[in-house]
Amino acid sequence: MDPRWLLRMSLWVRNPPSLKRVILVFAIIAAALAIGLVEWLGYWPDWATAERIPRRF
């Protein structure tokens, strides 16, 4: 494990994030999972899907 991660973990133990920040992170993760589920089920609208642009050399 990289020593930077150990330092970051020790800082988080000493000074943990606020409850609002934790709720915000979990809400963002839940929204991303919900969007992924909607797309996987096939309910994602076609207008919201990005199309790949072919490369020109």
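The structure we're discussing is the one just above.
Residues numbered from 1 in each chain as written. Predicted model: local features only at pLDDT ≥ 70, side-chain atom pairs only at ≥ 80, totals over all residues. Heavy atoms only, no water.

Points about a nonpolar patch on the surface
Going by this rule: Only residues above 30% relative accessible area that lack a salt bridge enter a patch, with like-charged residues linked at up to 9 Å and the nonpolar side chains Val, Leu, Ile, Met, Phe, Trp and Tyr linked at up to 5 Å. For the accessible areas, the method is Shrake-Rupley and the probe is 1.4 Å, while residue cover comes only from the protein chains on display. A pair is scored as a salt bridge if a Lys or Arg side-chain nitrogen falls within 4 Å of a carboxyl oxygen belonging to Asp or Glu. Between buried and exposed lies partly exposed: a residue is buried under 20% and exposed over 50% of the maximum accessible area for its type, with that area taken using a 1.4 Å probe on protein chains only.
Residues Leu-19, Val-22, Ile-23, Val-25, Phe-26, Ile-29 and Leu-33 make up a contiguous nonpolar surface patch of roughly 690 Å² in combined accessible area. Judged by its relative accessible area of 30%, Val-22 is partly exposed.

Notes on helix α1 (residues 3-14)
Because each turn of an α-helix spans 3.6 residues, side chains separated by three or four positions in sequence point in the same direction. Put simply, the rule is: Every helix listed is a DSSP run of H or I at least four residues long, and every strand listed is a run of E at least two residues long, numbered separately from the N terminus. Expected helix span is taken as 1.5 Å per residue step, with the number of steps being one fewer than the number of residues.
Counted at 1.5 Å a residue, the expected span for α1 with its 12 residues is 16 Å, and the 17 Å between its end C-alpha atoms agrees. Here α1 lies mainly on the outside; zero of its 12 residues are buried.

Observations regarding helix α2 (residues 19-41)
The end-to-end C-alpha distance of α2 is 33 Å, a good match for the 33 Å that 23 residues give at a rise of 1.5 Å each. Just downstream of α2, Gly-42 is the residue with a positive phi angle, here 95°.

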